[in-house]
Amino acid sequence: MPRALTKPVELETIVSLAKRRGFVFQSSEIYGGLGSVWDYGPLGVEMKRNVKDAWWRAMVRERDDIVGLDAAILMDPRVWVASGHVAGFTDPLVECDKCHRRYRADHVHGKVCPECGGTLGEPRQFNLMFKTFMGPVEDDAARIYLRPETAQGIFVNYENVQGTTRRKLPFGIAQIGKSFRNEITPGNFIFRTREFEQMEMEYFCQPDQADTWFEHWIDFSLGFFKRFGIRADNLRTRVHADNERPHYARAAADVEYRFSFGWSELETINNRTDYDLANHSKHSGKDLQYFDEEKKEKYLPYVIEPAMGADRTMLAMLADAYDEEPGEKESRVLLRLHPDIAPIAVAILPLSRNDRLLPTARRVHELVRPNFNSQFDDTQSIGRRYRRQDEIGTPLCVTVDFDTVEKDQAVTIRDRDTMEQVRVPIEGLVAALRDRLDEIRRRSAS
Ligand code: ATP
């Protein structure tokens, strides 16, 4: 679909739409807001859930080689020693000698404070894990961490899952859940926050197959973003240089999106080798080797990991879908979201709040509701309601008017992108909506 807007939408535009329409609010706003922590409102929770469902479907339900897991956020603290996070999950922190603002050393250029021009001191390593205590005693023995990645929950359950599902290599374990990082410089709205959701999959394979699977998972990831509406022109992959790879990875590549603030990471694909399983074997004393029945040998599988952020993906999808079409009086703002991602798929709009229309409109809603995520809206004028639905990305609106009840038992379906309207009998409405959503799905994929 050709867009009216030709350059990346400014972040402030998305932030203000998100607030105005109830996608995202600042955490604890009535207390002035907790910095860089966000709450998802009625539409945001629907959309983020759709993002996660789309990933789960593509990753787990549509494949034979991947199963799911939902591990706890709190884990034995020795896990984070074994994984290397206690020693190595750090960012270099620099502090300004004048205003005492703190920055991530790799996010600033040179030794000059970007805010006040003061001098930045020598970098020191700052561990990003949130610490807390378990049980009533607050001493070192009770110290635990909020997980900084979901992956370790998968590694420590590797044997449980492999044993209960009797999987042979290669196979993967997928998980969606919250992670926490005490980021030095969070920002850019929901792009970098201290509490966020990850969608991670650890793919266990024979060591000599790891490079092939690494390529596979890069292609898969790009395919996922394109399938659910992000334009190919706004995506690219970037292989990490030797000095930027995480401590556990032998090879890493990012999938990046062209935001208004520059190309930025949505996902990393890592070749974690046998780093995690080897360390957990060593620290737990449990032999995590795999017995290869064909080769008649034991070895530690290699792991390829696509790790994606749900919040970042949602931000990229919002930014990519945003469009403004110039109009005679005012421009039309719309989100060209993929139908599987849009918070509402179908809106039911009685032409007016007239007693002759409402019972039929309600009946139409009851017909549609079991099939699509739908919303009934009878406030304001029909023009304003169309604009509101456009702005929240609803692909289809169904209008019930006086002809519906007095003449033809038919309703009008309006397409968000083309604004085309077609009249269809109520009897065939669900099938017609399904066809139209399919068409928009095809149109949204790139
Ligand atoms: P960055 O370089 O941006 O700090 P990272 O390389 O440390 O990110 P990974 O550890 O590879 O991130 O995590 C995988 C994914 O989790 C990222 O691609 C991103 O989508 C998401 N993610 C990581 N940190 C954050 C955060 N602070 N806020 C939101 N999402 C995050």
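Definitions and cut-offs
- Residues numbered from 1 in each chain as written.
- Predicted model: local features only at pLDDT ≥ 70, side-chain atom pairs only at ≥ 80, totals over all residues.
- Heavy atoms only, no water.
- Helix = DSSP H or I, 4+ residues; strand = E, 2+ residues; numbered from the N terminus.
- Contact = heavy atoms within 4.5 Å.
- Areas by Shrake-Rupley, 256 points an atom, 1.4 Å probe, with all protein chains shown as cover.
- Lys, Arg positive; Asp, Glu negative; His and termini not counted.
- Charge placed at Lys NZ, Arg CZ, Asp CG, Glu CD.
- Domains from an automatic or database assignment.
- Buried area = accessible area lost by both parts, 1.4 Å probe.
- Polar contact = N/O pair within 3.5 Å; in protein donor to acceptor, adjacent residues only side chain to side chain.
- Nonpolar A, V, L, I, M, F, W, Y, C, P; charged D, E, K, R; others polar.
- Near = heavy atom within 4 Å.
- Pairing = 2+ DSSP bridges.
- Axes fitted to C-alpha atoms, helices over the stretch in contact; angles between N-to-C directions.
- Phe/Tyr/Trp six-rings, centres within 6.5 Å; stacked < 30°, edge-to-face > 60°.
- Buried < 20%, exposed > 50% of the residue type's maximum accessible area, 1.4 Å probe, protein only.
- Lys NZ or Arg CZ within 6 Å of the ring centre and 35° of its normal.
- Arc of directions from axis to C-beta.

Draft legend 1. Layout of the overall build of the chain. Secondary structure summary: the chain contains 13 helices and 23 strands in total. In the chain, the share of contacts with a sequence separation of at least 24, taken over all contacts with a separation of at least 6, comes to 66%. A total accessible area of about 21100 Å² is found for the chain, and carbon and sulfur atoms account for 48% of it. Distance from the positive charge centre (64 side chains) to the negative charge centre (71 side chains) of the chain: 3 Å.

Draft legend 2. Structural detail: the domain arrangement of the chain. The domains assigned to the chain are domain 1 (11-86 + 137-318), domain 2 (90-127) and domain 3 (344-445). On a C-alpha basis, the centroid separation for the pair domain 1 and domain 3 is 37 Å. Interface of domain 1 and domain 3: buried area, both sides summed, is about 690 Å²; carbon and sulfur atoms make up 50% of it. Area buried by domain 1 at its contact with domain 3 is led by Arg21, Leu43 and Glu46, which between them contribute 55% of it. Where domain 1 packs against domain 3, one counts three residue pairs in polar contact (both at pLDDT 80 or more). Broken down by secondary-structure element, the contributors of at least two residues to the side of domain 1 that touches domain 3 are α1 (11-21), α2 (42-61) and α7 (210-227). Examining the composition of the side of domain 1 that touches domain 3, we find that three residues originate from one element, α1, more than from any other. Residues that form the side of domain 1 that touches domain 3 fall into these classes: three nonpolar, one polar and five charged.

Draft legend 3. Geometry of the side chain of Gln152. Counting through the fold element by element, Gln152 comes out in helix α5 (residues 151-156). A polar side-chain atom of Gln152 sits 2.7 Å from a polar atom in the side chain of His280. Ignoring sequence-local partners within four residues, the contact set of Gln152 consists of Met75, Val79, Trp80, Ser83, His85, Arg272, Asp276 and His280.

Draft legend 4. Geometry of the site of the ligand. Taken together, 16 residues lie near the ligand, and Glu183, Arg192, Thr193, Glu265 and Leu266 sit nearest. Glu183 places a side-chain nitrogen or oxygen 2.7 Å from a nitrogen atom of the ligand. One of the backbone nitrogen or oxygen atoms of Phe191 is found 3.4 Å away from a nitrogen atom of the ligand. When the ligand is considered free in solution it has 590 Å² of accessible area, and contact with the protein chains removes 88% of it. For the shell around the ligand, the elements supplying multiple residues, two or more each, are β10 (195-205), β13 (262-273) and β16 (302-309). Taken together, the residues of the shell around the ligand break down into five nonpolar, four polar and seven charged.

Draft legend 5. Focus on the side chain of Asp401. Within the element layout of this structure, Asp401 appears in the loop between β21 (396-400) and α12 (402-408). Of the polar contacts made by the side chain of Asp401, one reaches the side chain of Thr404; its length is 2.8 Å. In this structure the side chain of Asp401 is engaged in a polar contact, spanning 3.0 Å, whose partner is the side chain of Arg423.

Draft legend 6. Fine view of the sheet that holds strand β19 (residues 346-350). What the five strands build is an open sheet, ordered β20-β19-β21-β22-β23; its pairing is mixed. Edge positions in the sheet fall to β20 (374-376) and β23 (421-425), since each has one partner strand and no second. Neighbour to neighbour, the strand axes of the sheet diverge by 25° on average, direction disregarded. In the sheet, β19 pairs with β20 via three bridges, with the strands oriented parallel. Along β20, the bridge assignment pairs Ala347 with Gln375. Here helix α13 (residues 429-444) sits on the sheet in contact with β19, β21, β22 (410-415) and β23, set at roughly 10° to β22.

Draft legend 7. Up close: the packing of aromatic side chains. A complete count under the given rule lists 17 aromatic pairs for this structure. Measuring from ring centre to ring centre gives 4.8 Å for Tyr257 and Phe259, while their planes differ by 75°; the resulting arrangement is edge-to-face. Grouping residues by exposure puts Tyr257 and Phe259 together as buried. One cation-aromatic arrangement involves Arg272 over Tyr248; the distance from NZ or CZ to the ring centre is 3.6 Å.

Draft legend 8. Local environment of the pairing of β23. Across five bridges, β22 lies against β23 in antiparallel orientation. Paired with Ala410 across the bridge in β23 is Pro425. Between β22 and β23, which follow one another and run antiparallel, lie five residues, and Met419 among them has a positive phi close to 60°.

Draft legend 9. Molecular detail of α1. Restricting attention to buried positions, one finds in α1 the residues Leu11, Ile14, Leu17 and Ala18. Looking down the long axis of α1, one finds its buried residues gathered within 130° of arc, a one-sided arrangement. Within two residues after α1, Gly22 carries a phi angle of roughly 85°, on the positive side.

Draft legend 10. Focus on the sheet that holds strand β9 (residues 171-180). On the basis of which strands lie adjacent, the open sheet formed by seven strands has the order β3-β9-β10-β16-β13-β12-β11 and mixed pairing. Edge strands, defined here as strands with exactly one partner in the open sheet, are β3 (66-69) and β11 (235-239). The sheet shows a mean angle of 25° between the axes of neighbouring strands, direction not considered. Examined bridge by bridge, β3 and β9 share four bridges and lie parallel to one another. Residue Ile66 lies in a different strand from β9, and its bridge partner there is Gly172. Here helix α6 (residues 158-165) sits on the sheet in contact with β3, β9 and β10, set at roughly 140° to β9.

Draft legend 11. Local environment of unusual backbone geometry. Leu169 connects to Pro170 through a cis peptide bond whose omega is -5°. Considering the arrangement of structural elements, one finds Pro170 in the loop between α6 and β9. The backbone of Asn188 shows a phi angle near 55°, a positive value even though the residue is not glycine. Inspection of the secondary structure assignment puts Asn188 in the loop between β9 and β10. Look at Asn188 and you get partly exposed, because its relative accessible area is 34%. Here the phi dihedral of Gln380 falls at roughly 40°; this positive angle occurs in a residue that is not glycine. With respect to the helices and strands, Gln380 occurs in the loop between β20 and α11 (382-391).

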